[in-house]
Each structure stands twice: as C-alpha cells, then as structure tokens.
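Descriptive analysis of the structure
Here's the letter readout for the chains.
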Amino acid sequence: MSYQVLARKWRPQHFSRLVGQDHVKTALGNALSNNRLHHAYLFTGTRGVGKTTIARIFAKSLNCEQGVTATPCGQCSACTEIDAGNFVDLLEIDAASRTKVEDTRDLLDNVQYAPSRGRFKVYLIDEVHMLSKHSFNALLKTLEEPPPHVKFLLATTDPQKLPVTVLSRCLQFNLLALSPAQIEQHLTYVLNEEHISFEQAALALLSRAAKGSLRDSLSLTDQAIAQTNGNITLDAVRTMLGLLDQSWAQQLLQALIARDITLLQQQLAALVQQQSNFAQVLDDMLSLLHLAALAQLSQQAAAFSQQQAFVKTLADSLAPAQIQLYYQLLISGKKELPYAPDPLTGLEMALLRAMAFVPEGKTAVAAPTSGVVMPAMSSLTPPAPAAQHQPTQAVQALAAQHGPDTAESGIVTQSEVTQSEVTQSEVTQSEVSQGVNQTKAGQNTDTSTAAITANDELQLDAATARIMARRGVQLNAPISGKPVVVNPTEPSQSTPSQQGPDSIVPAAPEAPAPKKFERPEAPEQPASEYTLAPEQNDAAYDDRLVAEDTAIADDTEDADSAAYAAVSDALWQQYEQDAPAQTEALLPFDGSIDEQNFSVRFAAQVDAWAARVETLDTGGLSRLFLLNAAAEQNGNQLTLRVAQSQQHLDSPAFRTKLQQVLEASFNLPLQVVIQYQPEVAQSPLAIQQRIVQERLAYVSRLLQQDEKVQQLQQLFNAELLTDTIVVN
Ligand SMILES: [Zn+2]
C-alpha cells in the first residue's frame, strides 16, 4: 500500500473546496458562467497557495463534458482524466525544468492544431518566470494571436521577473498567502476526515510554521503524522518544529524585569537541561514584547498570544519606551548569538545587558513617557481618563498630606493644588485637554528619547561596575568619579514643584507600578523607586546613582556574587555534560520489522543521519528539508541527496542557513553539496514511513496468524479490517 501525501490527496477538485482566494474564485466563476474568457491568465503568489490547483480546476471547467461551467462535474471522462493527470489537451509544463527554447518551440508548434478530445487546448506553464529569453519570445508570438481553441494558464512565484510584454497580454490574479486561521481550519477538516487524532494547539503551531503556504502546512502535517504515529500532540509538534515551550520566554522575561539575577540563573540552568535552541528563546521573548507593545495601543492585540494574561501584565507594567528598549537589546543579542563563544553565553549576556541597561533608569524613562505618549494614544482611546484621573488623585494625595490644618479649608487647597498641578505638567495636561495634535506629541517623544540616550552612558557605567564587582574584577578608574549631571532637557520639561519631594504620589493609572515583578529581597531598592513622580526624577536619580556606587562594596552584593558564581558553575557543568550527547547505539533495521526489532519506532533509532537531524539547532522548513534528505560525509564534503519535492525551498539564504546549522552540528567547516532526486529512500522521513508501515504489516501478520482470529474467521465468516489496526 503506497501512502499518498496529504497535499496530493486533498488537492481541491472544485473551486468551492479551495481554501481562501475568494477574489479569484469569484472572478473566474463569473468569467466561466458568462462565457467571457480571456485567452491567457497569470496566477501569481507565494508557493503552496493554490496557483496550479486553480489552473487545473479552471482547465476542468473549460473542458468538462457538461459544458463550460464554474462547477465542473468531476465525473465525466475529461474531468477524471484531468484529475488523474493524463488528459491529452492539458499540457502541463514546468518551466523550472524546461528552459530551453527548443522545448518551448516543440510545444508551441502544436498550438495551431485543434484539441484532440476537449473543447480547449490548455497550456499550463508553471514557474513561467524561469523560461529563457528565447522561450519567452517564442511564447510571446503565440500569446499575441492565439487560436481560439487555446488557453494559456501561467503561474509564477516571481511575476517581477516576467517581461512586461508577457504581463500585458495576461489577465493577472494575485493569490494571497493564507492566514494561519485559514490553514488551521483546513488542517482540522483534513485530519477529521483522515480520522487522525490531534490537539488543536498543535495545529495552530503547524499553521504558523507553514508561513501562509497550504501545501507546506500539509507536508508538515504529514511529517507530524509519521513522527507521532498518528496522534498529533502539541509537544510532539513543538519538538518536530524545533520550537520551545513559550513559557520559558515568559519566565526569563519575568526574571529580567524583576532584575532578579538569581532567578534568572535558575531559569537558565533549567532551560539548558531541556533545550539548546537559544535563538528560539530570544525569538519567543521578542514576540511577547512585540505583542505587549501592540497591546498598549489596542487591548485586543494581547488575544493573539496564548499567554494573553502575561502579555497584558507586560503591557500594563512597562512603559512603551522601555518595551522598545528591551526589544532592541534582545534583538541585538540575537544578532550576536553566532559570534558568542557558545550560545548559552550569548543568551546570558543578552539578558544581562537588558538587565543592566534598563531598570536603573526605569522610572526616569517610564514616568515622562507615560505622560507624553498617552496623548498620542488618546486618538485611539478616549482622552478623558488621562486628563481627569491625574489631578483628582494628586488632590487626594495632597489633601491627605496637608492633614488637619488644611482640612477645614478644603476648597481653597484643592484649587491651589489643581493650579500647581497644571503648571507642573503643562505639557501633558494641556495637550491632553486641548485635543491632541500628533506633531507635538512627536516632538515630546523626541526629547524623551534624547533623555534616554543621555542617561544611557551613565547607566551603562553603573551597570558595568556592578557586574564587574560581581565577577570580582577591579576597575582602574572609580565609577563614582563621574559627574552626575545629566539630561539638561529634563528639568525644563518637569518643573519642580514647591511642595516637598513626597508631596505628590503619582500612581498614574496608565502606568502602574510593576508589582508582579518586584524583587522582594532587594534592600537597596525601596519600593518607592518604582512609583516616582516625574518631578522627582532628577533628585532621586542622582541619589540612586550614589547609592549604586556605594552599594558595590556592600555585603549584600558579595552574597549575591557568591550565589551567582555557584549557580553559574553548576550551569556550566550541566551544559558540558549534556553537550556530547548522541552516543546511543543504533538499532538494527534492514527494512523489515519483526519480533526482534519491534522496539524500533523512530528513524532516529536506526539511522545516524536521522539521529543527527533530531539534534540540529533548527526547525520548520529547513528541518523538513533535511528530513527529506540523505547525507553522506566524505571528509569536509557533505553530500545531501534531497527529494525533489523540497526543491522549492532552496535559495542562497536557505543554503547559508543549512550550512551554519550543519557546521555547528558536525563541528567542522563543510562543503555542502545538494543533489535533487525524485525520491530519496534513505531520508529520515522515508525511513520513518517505512518503519510505520512495517510495524503495521508485522502486527497485521501476527493477527492473521493468530489462532483465535482464524477461528473467528472460519466460524463467523469474520473479516479482518487491516486498515483499522493501530500500532502503538
Ligand atoms: Zn466533467
């Protein structure tokens, strides 16, 4: 029994079964029903979105024996022959493999002859941009004045490479990449029809990994079925795609924001035991930050994440500028990952840098921006809360402060306060109340960015000193010698109030203190640090810098550094232990399964290359590519024989990535040679499919030879339905 891949088996036979592309379906449907047919159609779009499928359905619509129709019958000989791929008047040409002018001439020479069976002679030219210049010229001549019985259906992933002369003679349809939701819906349908059990979350992952291509999603699903023995679970798909549990990213971010170095180290130690794909961890963290930034502008954005609650907390507790800063620091950490001595160091340094840069100036960054950015946001959300809450809260706080003396003259105090409040935050207040204008908000953001950069240098120094101290390194020049005057723009923006520094407790509702992430046992960081008012920034900031410098010699820091060193050492030992993995002996597998080797379930158990692919630091389509390949190493040359079905993934960038991944795995510089073949019998996926089939065959044989089963068959005329056997 040969297994038909899902993408082939579930290729739609009707426009109605086609996923997405409604604009094309409608246009073609109307053209067919009204018999207003153009002689050349060009379908463009990324791979696996249905270009050739649409072209084939269209060919059926034109040639169905029931007449030209948008709903071909699928029963007549023309329809069935087109489905089977042997209809004489449908000439499918893959331009990727036929670029010579003679080939095209041969084909086009026959254009003038009437169709032998159908109504129309349909030329379906796939990847038409690959034709040579001469071939294009030959095609152009025919496209100019085609005989009435000829239709050209051209498909390409790269319409920009087509000559304008060809483009202008075709009716062009741009097929859209499919959304993950559309793909997921289709996968659900297909798997239900196939009676394969699955977890919905696993399908969501597969849909995203397919990057808009339905065919790729079905190929990945094929792979998932083979690897999981027909029970597609979230964990299995995650492993297959080389993805991580996203909760790692969440835990690391929590530790980062809380500035809890011990917690961070513990998280990393746990992470190392389970995963080695650190770039993926950074990716997950970046995508959480991205969603949090979106969620600050629109509440619904958080719903895109499976960690909705966490994204909301992030959005509520971090200032927009701070999220941007984290994002930037982590993304640069990801860029530097390949240059790090090893991936763990790279990840650790990226996190330490993010920790070092941001939170010291956390309030300095957070407070002004929350005031400044809100006006811009108020175009999206009603401006009322920002304008109203602040004064009333300040009033309450002040009234409480002034205490009994002002209690009886409450009205006077209130008006005073409101006045001073207005002068204090002229920028924010007046802008919010007077219908905000974007340019002003933009200017303000600029000054606040300037403030951040001015602060950076100092923060960096302080942070470096702290880290150095933890590592027990002496610095040549004492950090405390640096002048503490920063940011001349800030005082003018936030005029100090006449009241004492504690008079106004801000607690602005739009940027509440990050209580969740507060580090409980940090004595040098009083809780008030997180709830500073804008006007306190400078004084408090200076104080903190001084405190920071003295803290270097502090006892608590020493304790911290000892704990840090201990955890760090343990981490490294663990990491080095785990590194030389893959020493398990391979099991024997000669292509058949019997009693001796029934424990063979996965290709990685019997094939060295398959085992290596399992450990590679890559996921998604490049993993799929390698699973469809057989490898042969000869010194520094690694020859990959790859199934032709994967050729569409090939590109210079893709090869560079493969090269990196493979060199990292083999730990030597490689010359990777890729050869394409119709089928690769020794690819991990082929081996896997063979194992699955062989196990099933073996169990079927056992059942058929079973005495009781034979008795049942003889006595009751029972039948053994081999299709229903499930091997675990
Ligand atoms: Zn038909």
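Residues numbered from 1 in each chain as written. Predicted model: local features only at pLDDT ≥ 70, side-chain atom pairs only at ≥ 80, totals over all residues. Heavy atoms only, no water.

Only Cys64 (SG), Cys73 (SG), Cys76 (SG) and Cys79 (SG) from the protein reach the zinc ion as donors, at distances of 2.2 to 2.3 Å. Around the zinc ion sit four donor atoms, and with donor-metal-donor angles ranging over 102 to 119 degrees the site reads as tetrahedral. Sequence positions of the donors to the zinc ion reduce to the motif C-x8-C-x2-C-x2-C. Taken together, the residues span a long stretch of sequence, with Cys64 in the loop between helix 3 (51-63) and helix 4 (77-84) and Cys79 in helix 4 at a distance of 15 residues. (Donors = N, O, S within 2.8 Å, 3.2 Å for Na, K, Ca; no water. Tetrahedral: all angles 85-135°; square planar, octahedral: opposite > 155°, others 65-115°. Helix = DSSP H or I, 4+ residues; strand = E, 2+ residues; numbered from the N terminus.)

In this section: the packing of helix 8 (residues 180-193) against helix 10 (residues 214-228). Packing of helix 8 against helix 10 leaves a shortest axis separation of 11 Å and a crossing angle of 45 degrees. In terms of orientation, helix 8 and helix 10 fall into the oblique class. The chirality of how helix 8 crosses helix 10 is right-handed. Note on element contacts: helix 10 touches helix 8 through Leu214, Ser217, Leu218, Thr221 and Ile225, opposite Ile183, His186, Leu187, Val190 and Leu191. (Axes fitted to C-alpha atoms, helices over the stretch in contact; angles between N-to-C directions. Parallel < 35°, antiparallel > 145°, perpendicular 65-115°, else oblique. Left-handed = near helix turned anticlockwise from the far one by under 90°. Contact = heavy atoms within 4.5 Å.)

Let us look at the sheet that holds strand 10 (residues 671-677). Taken together, three strands build an open sheet; the order of strands is 8-9-10 and the sheet is mixed. The open sheet has two free edges, formed respectively by strand 8 (629-634) and strand 10, since each of these has just one partner strand. Neighbour to neighbour, the strand axes of the sheet diverge by 20 degrees on average, direction disregarded. Sheet topology note: the strand 9 (residues 637-643)/strand 10 ladder contains seven bridges and is parallel. Bridge assignment links Thr639 to a residue of strand 10, and that residue is Val673. Packed on one face of the sheet, helix 30 (residues 652-666) meets strand 8, strand 9 and strand 10 and runs near 120 degrees to strand 10. (Pairing = 2+ DSSP bridges.)

One open sheet accounts for five strands, arranged 2-3-4-1-5; its pairing is parallel. Here the strands that pair on one side only, and so sit at the sheet edges, are strand 2 (90-94) and strand 5 (171-174). Between one strand axis and the next, the sheet turns through 15 degrees on average, direction left out of account. Contacting strand 1 (40-44), strand 2, strand 3 (121-126) and strand 4 (150-156), helix 3 runs over the sheet at an angle of about 180 degrees to strand 3.

Once that is clear, we can look at the nonpolar core. Side chains of a nonpolar character, in soluble globular proteins, are inclined to be buried together. The biggest cluster of nonpolar side chains holds 46 residues, and the ones touching the most others in it are Leu206, Leu220, Ile232, Phe625, Leu626, Leu640 and Leu662. Here this core spans two domains, and each of domain 2 (180-240) and domain 5 (585-728) adds at least three residues to it. When near neighbours in sequence (up to four residues on either side) are disregarded, Leu206 contacts Leu187, Leu220, Thr221, Ala224, Ile232, Val237, Met240 and Leu241. Residues Leu256, Leu282, Leu288 and Leu337 belong to the second largest nonpolar core, which totals 41 residues. (Core = buried A, V, L, I, M, F, W, Y, C linked by side-chain atoms within 4.5 Å. Buried < 20%, exposed > 50% of the residue type's maximum accessible area, 1.4 Å probe, protein only. Domains from an automatic or database assignment.)

Moving on to the packing of aromatic side chains. Tallying each qualifying case throughout the model produces nine aromatic pairs. Here the aromatic rings of Trp10 and Tyr189 are separated by 5.8 Å at their centres, their planes lie at 80 degrees, and the arrangement is edge-to-face. Placement of Trp10 in the loop between helix 1 (6-9) and helix 2 (22-33) and of Tyr189 in helix 8 is noted, with a sequence separation of 179 residues between them. For Tyr189, a relative accessible area of 27% puts it in the partly exposed group. (Phe/Tyr/Trp six-rings, centres within 6.5 Å; stacked < 30°, edge-to-face > 60°.)

The buried fraction of strand 1 is high, at five of five residues. Residues Ala40, Leu42 and Thr44 point to one face of strand 1 and Tyr41 and Phe43 to the other, with burial holding for every one of them. With five bridges joining them, strand 1 and strand 4 adopt parallel strand pairing. Its bridge partner being in strand 4, Ala40 is matched across the sheet by Phe152.

Before going further, it helps to spend a moment on the pattern of salt bridges. Summed over the entire model, instances satisfying the criterion amount to 13 salt bridges. A salt bridge links Asp158 to Lys161, with the shortest nitrogen-to-oxygen separation between them at 3.2 Å. Measuring nitrogen to oxygen at the nearest pair gives 2.7 Å for the salt bridge that ties Arg353 to Glu336. One end of the pair, Arg353, is in helix 17 (residues 343-357); the other, Glu336, is in helix 16 (residues 320-336), and 17 residues separate them in sequence. The partly exposed category is assigned to Glu336, whose relative accessible area is 38%. Through salt bridges with shared partners, one network takes in Glu65, Glu81 and Arg117. (Salt bridge = Lys/Arg side-chain N within 4 Å of Asp/Glu carboxyl O.)

A few words on helix 15 (residues 308-317). Taken as a whole, helix 15 has its buried residues at Phe310, Val311, Thr313, Leu314, Ala315 and Ser317. Turning to helix 15, the residues buried within the fold contact helix 12 (247-258), helix 14 (278-297) and helix 16.

As a further point, take the environment of Ala604. Tracing the chain through its elements places Ala604 in helix 27 (residues 603-606). The class for Ala604 is partly exposed, based on a relative accessible area of 26%. Ignoring anything within four residues of it in the chain, the contact list for Ala604 reads Leu586, Ala610, Ala611 and Glu614.

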